[in-house]
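Letter by letter, the chains look like this.
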Amino acid sequence: MSTRRRDLVGGASALALLSGSSAAFAQNKDPPAEQRSKSAAGSGTGGGITIQGGSLARPANQGELKALLQAACHNGGGIAFDGSTPPIKISGTLEIRLRDVGDGGVYLNGNGLRLESTNRDGVTAAVRFIGKTRFLTVQGFNLYGGAYDTPGCGNGFEFVSSGGDIALSTFSNLVASYCGGHGIVFKGAIFESDTYSLKSKDCRGQGIVFSNQGGVVSNMMMYGTNSSRNAGWGMDLQAGCNSVDMFGGSFVLNGGGGINCPNGFRFMIAPNGENTGETMINMPFAAYPATVIAANLSSNGRVLNPANPNAKPSRYLINPPANGKLNEIGGFVVPYTENSQPAPSNMSVLATQTPATRPKP
């Protein structure tokens with residue numbers, strides 16, 4: 001199979017991709033599933049492993065799913081799943097090892113494939129991609145972590161660099177809900193990459209995490225982010241991380257707050273928060289100049305995140321850096337009335353009204 005371009009797996013190419021990764025099958029202890037008929041094009045036989053005539057991959061269980069993902073990440077190229085596949089139960093951690101397959105990269109398209117973690121310790125991660133690679137695309141997977149009425153899994157999706165960096169990659173249309181830990185985690189040397197429409201909701205930790213632990217996250221670009229109703233922060237930049245740009249984002253009813261960036265945040269435009277902890281953007285220090293444009297926070301002063309007993313009513317749009325490295329433009333707060341209750345009167349754009357943090361008119 002060519003690794004110079006991204007190919008959707010179908011027919012003989014799928015067989016070649018899978019047979020080329022004996023390591024993936026060695027780890028798959030599930031017996032081969034009987035062939036099942038499912039074709040995206042109306043012809044061909046399916047079944048997750050044997051794919052013919054333009055069919056989409058339709059794994060029957062975690063073992064088949066892992067074999068398909070691991071083979072693509074080992075050999076390069078791409079694979080697309082049938083989004084109507086019944087939910088795949090994930091026990092323990094579905095771990096996929098990454099390696100650099102060249103400029104052709106790896107394309108993994110779940111098409112909305114539903115994953116359901118059966119972990120109930122609140123600690124064990126559900127899905128982990130780990131290693132080094134470039135030109136990786138992961139999109140269209142929907143994970144339920146089980147923490148609605150149980151401790152659930154630990155973190156939902158983890159993308160972790162190991163033995164090198166993850167570069168020039170795209171993470172798109174990923175949903176993590178009801179995880180016992182964080183929803184979506186990026187950790188280590190991940191750079192010059194982008195995210196589109198990440199959604200993390202109702203997790204018991206933070207919604208989305210970027211961490212410099214094990215390497216430096218650099219030049220991450222985020223578009224259309226939604227991270228709401230998490231017990232912690234909607235987004236948390238950890239271990240000194242700050243090299244992130246965000247274009248649009250919604251943070252509603254998070255218990256900790258909207259965005260926690262204690263070492264700064266390079267650029268964000270039009271992030272929106274509503275009843276999302278005391279502070280929408282917590283930036284007590286900025287290692288480099290940070291720019292925040294048209295951020296806004298609305299609140300009725302009463303609605304709190306029920307999963308966090310320490311949640312506070314929303315009051316401040318930004319807790320600005322004490323070193324003054326913030327260029328804040330056009331931010332505003334919107335106190336509102338609801339059910340005949342008065343609007344809060346103590347909301348403000350800056351937690352500390354320091355003129356030096358604002359641009360000159």
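Residues numbered from 1 in each chain as written. Predicted model: local features only at pLDDT ≥ 70, side-chain atom pairs only at ≥ 80, totals over all residues. Heavy atoms only, no water.

Q: Quick question: what am I supposed to make of the overall build of the chain here?
A: A tally of regular secondary structure across the chain gives 3 helices and 25 strands. Per-residue burial over the chain gives 54% buried out of 361 residues. A separation of at least 24 residues holds for 71% of the contacts in the chain among residues at least 6 apart in sequence. By element, 52% of the accessible surface of the chain is carried by carbon and sulfur atoms, the whole surface being about 14200 Å². (Helix = DSSP H or I, 4+ residues; strand = E, 2+ residues; numbered from the N terminus. Buried < 20%, exposed > 50% of the residue type's maximum accessible area, 1.4 Å probe, protein only. Contact = heavy atoms within 4.5 Å. Areas by Shrake-Rupley, 256 points an atom, 1.4 Å probe, with all protein chains shown as cover.)

Q: Looking at this model, I keep getting lost on the environment of G248. Mind explaining?
A: Residue position: G248 is located in strand β16 (residues 244-252). When the C-alpha atoms of G248 and A270 are compared, they prove to be 5.1 Å apart, with 22 residues separating the residues in sequence. Apart from residues lying up to four places away in sequence, G248 is in contact with G224, T225, I269 and A270.

Q: Looking at this model, I keep getting lost on the state of the cysteines. Mind explaining?
A: The term disulfide refers to a covalent linkage connecting the sulfur atoms of a pair of cysteines. Taken as a whole and judged by the stated rule, the model has 0 disulfides. Considering cysteine sulfurs only, C241 is the nearest to C261, which forms no disulfide, with 9.6 Å between them. What makes C261 buried here is its relative accessible area of 0%. (Disulfide = S-S within 2.5 Å.)

Q: Quick question: what am I supposed to make of the pattern of salt bridges here?
A: Two side chains that carry opposite charge are able to pair once their charged atoms sit near each other. Scanning the model with the defined rule gives 10 salt bridges in all. For K89, the salt bridge goes to E116, with nearest N and O atoms at 2.6 Å. Here K89 is found in strand β2 (residues 88-90), whereas its partner E116 is found in strand β4 (residues 106-117), with 27 residues between them in sequence. Salt-bridge contacts for R97 lead to E95; the nearest nitrogen and oxygen are separated by 3.6 Å. What makes R97 partly exposed here is its relative accessible area of 41%. (Salt bridge = Lys/Arg side-chain N within 4 Å of Asp/Glu carboxyl O.)

Q: What am I meant to see in unusual backbone geometry here?
A: The bulk of non-glycine residues show a negative phi, and the bulk of peptide bonds are trans. Although it is not a glycine, N111 sits at a positive phi angle of roughly 55°. You will see that S340, though not glycine, has its phi angle at about 65°, which is positive. Along the chain, S340 turns up in the loop between β24 (332-335) and β25 (348-350).

Q: What should I look at first to understand the packing of aromatic side chains in this one?
A: Counting across every chain of the model gives 11 aromatic pairs. Measuring from ring centre to ring centre gives 5.1 Å for F171 and F186, while their planes differ by 70°; the resulting arrangement is edge-to-face. Linking F171 in strand β8 (residues 170-172) with F186 in strand β10 (residues 184-187), this pair joins segments that are 15 residues apart in sequence. Across the pair, F186 and F171 agree in class, each one buried. (Phe/Tyr/Trp six-rings, centres within 6.5 Å; stacked < 30°, edge-to-face > 60°.)

Q: What's the story with the pairing of strand β22 (residues 316-319) in this structure? I'm lost.
A: A regular strand places its side chains so that they alternate between the two faces of the sheet. Note that strand β19 (residues 279-282) and β22 share 3 bridges and pair parallel. The residue of β22 that forms the bridge with T279 is Y316. For β22 and β25, the ladder comprises 2 bridges, and the chain directions are parallel. From the neighbouring strand, Y316 faces β25, where its bridge partner is S348. (Pairing = 2+ DSSP bridges.)

Q: What exactly am I supposed to notice about the environment of C153 here?
A: As for its position among the elements, C153 is in the loop between β6 (136-144) and β7 (157-167). Relative accessible area serves as the criterion here: at 0%, C153 is assigned to the buried category. Once residues lying within four places of it in the same chain are set aside, the contact partners of C153 are S117, N119, G122, V123, T124, A126, G145, C179, G180 and G181.

Q: Explain the side chain of S197 to me, please; I cannot follow it from the model alone.
A: Mapping S197 onto the fold places it in the loop between β11 (190-196) and β12 (199-201). Classification of S197 as buried rests on a relative accessible area of 18%. Polar side-chain contacts of S197 include one of 2.4 Å to the side chain of K199. In this structure, S197 is in contact with N173, L174, Y223 and G224, ignoring residues within four places of it in sequence. (Polar contact = N/O pair within 3.5 Å; in protein donor to acceptor, adjacent residues only side chain to side chain.)

Q: Looking at this structure, how should I read the environment of L326?
A: Its location among the elements puts L326 in strand β23 (residues 326-329). The class for L326 is buried, based on a relative accessible area of 6%. Each C-alpha atom, one on L326 and one on A286, is 7.5 Å from the other, the two residues being 40 residues apart in sequence.

Q: Honestly, the confidence of the model for the chain in this entry has me stumped. Any pointers?
A: Reading predicted coordinates in detail is not appropriate for stretches of low pLDDT. Across the chain, the average pLDDT comes to 86, with 82% of residues at 70 or higher. This model gives residues 1-53 a pLDDT under 50, and the stretch forms 116 contacts once residues within four places in sequence are excluded. Low pLDDT (under 50) marks residues 353-361, which in the prediction has 16 contacts with non-local residues, meaning those over four places away or in another chain. (pLDDT = per-residue confidence, 0-100.)

Q: Got a minute to help me understand helix α3 (residues 62-75) in this structure?
A: Three or four residues apart is the spacing at which side chains of an α-helix point the same way, because the helix has 3.6 residues per turn. End to end, α3 covers 20 Å across 14 residues, agreeing with the expected 20 Å (1.5 Å per residue, within 8%). Most of α3 sits out of view: 12 of its 14 residues are buried. All buried positions along α3 are accounted for by Q62, G63, E64, L65, A67, L68, L69, Q70, A71, A72, C73 and N75. For α3, the N-terminal cap is N61; the gap from its side-chain oxygen to the backbone nitrogen of G63 is 3.1 Å. Trailing α3 by a residue or two, G76 shows a phi angle of about 90°, which is positive. (Expected span 1.5 Å × (residues − 1).)

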